[in-house]
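Coordinate analysis (summary)
Residue-level listing of the chains:
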Amino acid sequence: MSNTKLNAAKSAIELIPKKGAIGLGSGSTVAIFAEELGRRISEGEVEISVVPSSYQAYQLAVLYKIPLTNLDIDPELLLTIDGADEVDKDLNLTKGGGGALFQEKVVASASKKLVIIVDESKLVDRLATRFPIPVEVLPFSLGVVRRKIEAMGITPKIREAQRKIGPVVTDNGNFILDLQFPEPIQNPTKIAVDLKMIPGIVETGLFVNMTNEVHVGTEENAYILKK
Ligand code: 5RP
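This write-up is about the structure you can find in this document. These numbers were taken from a predicted model, which means no experiment stands behind them.

1. Some details on a nonpolar patch on the surface
- A contiguous nonpolar patch, built from Y58, V62 and L68 and spanning about 270 Å² of accessible area, is present on the exposed surface.
- Along the chain, the position of Y58 falls in helix α3 (residues 55-63).
- The exposure class assigned to Y58 is partly exposed, which follows from its relative accessible area of 42%.

2. Overview of the sheet that holds strand β7 (residues 133-137)
- The antiparallel open sheet is built from four strands, whose spatial order is β8-β9-β7-β10. Both edges of this open sheet fall to β8 (155-158) and β10 (201-204), since each of them pairs with a single strand only. Averaged over all neighbouring strand pairs, the angle between strand axes comes to 30°, with direction disregarded.
- Where β7 and β10 come together, three bridges link them in antiparallel fashion. Each bridged residue has a counterpart across the sheet, and for V135 the counterpart in β10 is T204.

3. Quick look at the nonpolar core
- Among the nonpolar cores identified, the biggest contains 24 residues, and I16, F33, L37, I48, V50, I81 and I117 are the most heavily contacted of them.
- When contributions to this core are tallied by element, the ones reaching two or more residues are α1 (4-13), β1 (19-24), α2 (28-42), β2 (47-52), α3 and β6 (114-119).
- Considering each element in turn, this core owes the most residues, six residues, to α2.
- In contact with I48, other than residues within four places in its own chain, are I16, P17, K18, K19, G20, I22, L37, I41, I66 and P67.
- Formed by 23 residues, the second largest nonpolar core is a distinct cluster that contains L179, A192, I198 and I201.

4. Concerning the sheet that holds strand β5 (residues 93-94)
- Taken in spatial order, the three strands make up an open sheet running β4-β5-β11, and their pairing is antiparallel. Every interior strand has two partners, whereas the edge strands, β4 (86-87) and β11 (206-207), have only one.
- Pairing geometry for β4 and β5, over two bridges, is antiparallel. Its bridge partner lying in β5, V87 is registered against L93.

5. Overview of the pairing of β6
- Burial runs high along β6: six of the six residues are buried.
- Burial along β6 is two-sided: L114, I116 and V118 facing one way and V115, I117 and D119 facing the other are all buried.
- Where strand β3 (residues 80-82) and β6 come together, three bridges link them in parallel fashion. The partner of I81 across the bridge, within β6, is V115.
- Here β6 runs beside strand β12 (residues 213-217); their pairing, made up of five bridges, is parallel. Across the sheet, V115 pairs through a bridge with E213, a residue of β12.

6. A look at unusual backbone geometry
- Even without being glycine, L91 reaches a positive phi, approximately 65°.
- Along the polypeptide, L91 turns up in the loop between β4 and β5.
- For L91, a relative accessible area of 4% gives the class buried.
- A positive phi is found at A128, a non-glycine position, where the angle reads about 70°.

7. What about the packing of α1 against α2?
- Running from amino to carboxyl end, α1 crosses α2 at an angle of 45°, the nearest separation of the two axes being 9 Å. By the angle between their axes, α1 is oblique relative to α2. The interaxial crossing formed by α1 with α2 has right-handed handedness. Mapping the contact onto sequence places K5, L6, A9, A12 and I13 in α1 and S28, T29, I32, F33, E36, L37 and R40 in α2.
- Classifying every residue of the contact of α1 with α2 gives seven nonpolar, two polar and three charged.

8. Description of the environment of A12
- One can find A12 in helix α1.
- Classification of A12 by relative accessible area gives buried; the value is 0%.
- Counting along the chain gives 210 residues from A12 to A222, while the straight-line C-alpha distance between them is 9.4 Å.

9. Concerning the site of the ligand
- In the vicinity of the ligand lie 16 residues, with S26, S28, T29, D85 and K122 positioned nearest.
- T29 is positioned such that a nitrogen or oxygen atom in its side chain is 2.6 Å from an oxygen atom of the ligand.
- Expressed as a share of its isolated accessible area of 380 Å², the protein-covered part of the ligand is 90%.

Rules used in this analysis
Residues numbered from 1 in each chain as written. Predicted model: local features only at pLDDT ≥ 70, side-chain atom pairs only at ≥ 80, totals over all residues. Heavy atoms only, no water. Patch = residues over 30% accessible without salt bridge, like charges linked within 9 Å, V, L, I, M, F, W, Y side chains within 5 Å. Areas by Shrake-Rupley, 256 points an atom, 1.4 Å probe, with all protein chains shown as cover. Salt bridge = Lys/Arg side-chain N within 4 Å of Asp/Glu carboxyl O. Helix = DSSP H or I, 4+ residues; strand = E, 2+ residues; numbered from the N terminus. Buried < 20%, exposed > 50% of the residue type's maximum accessible area, 1.4 Å probe, protein only. Pairing = 2+ DSSP bridges. Axes fitted to C-alpha atoms, helices over the stretch in contact; angles between N-to-C directions. Core = buried A, V, L, I, M, F, W, Y, C linked by side-chain atoms within 4.5 Å. Contact = heavy atoms within 4.5 Å. Parallel < 35°, antiparallel > 145°, perpendicular 65-115°, else oblique. Left-handed = near helix turned anticlockwise from the far one by under 90°. Nonpolar A, V, L, I, M, F, W, Y, C, P; charged D, E, K, R; others polar. Near = heavy atom within 4 Å. Polar contact = N/O pair within 3.5 Å; in protein donor to acceptor, adjacent residues only side chain to side chain.

In structure tokens, the structure reads:
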């Protein structure tokens, strides 16, 4: 099995404070991180509670016996550790491969520091190179949102569920549209704002100017990209 995700997770775990509340992102790399965090908590090395960013993250916390908190009790988090689908050279991100982008963004926005754990395959010059940009859409508004996105020259594709007929329904009861751009995007800030202006788009998977550090795992070790 590849060590790249493990090495990214091990690198980021060194940033965990001795005590306090942090955000727990979602995805397979975060799952590896959560196992190590659970071990450190059970051995008494740290006293950490987490705000989970999805049902998956909640289940990971339960599995690894990581104490849970929420944004009402802890509206300011020391940091969040999360994965990403693409990372550009300014450390802007595409997220939402697992459909958890909305809560992931809320948790990241509550954090003093956002630390991303990825392998090198996620690094790109510009976003939307290999991965479409997902947006979370209120089901009531699907038709009109689709039409407005198409008018921008972007192709929206509804994300279909696996092992269930019909669309993916997010943890918030919404749908996901995966947006295929004609070419990698030049100005993620503008695209993020333009998309958020469309009523019915609850959130986008573009995380612009939010990341502080990216820990990139390789087979041998990890290196850190900073702004
Ligand atoms: C889920 C996400 C994940 O963080 C992203 O898809 C990366 O996942 P993985 O670590 O499994 O590659 O944004 O919505």
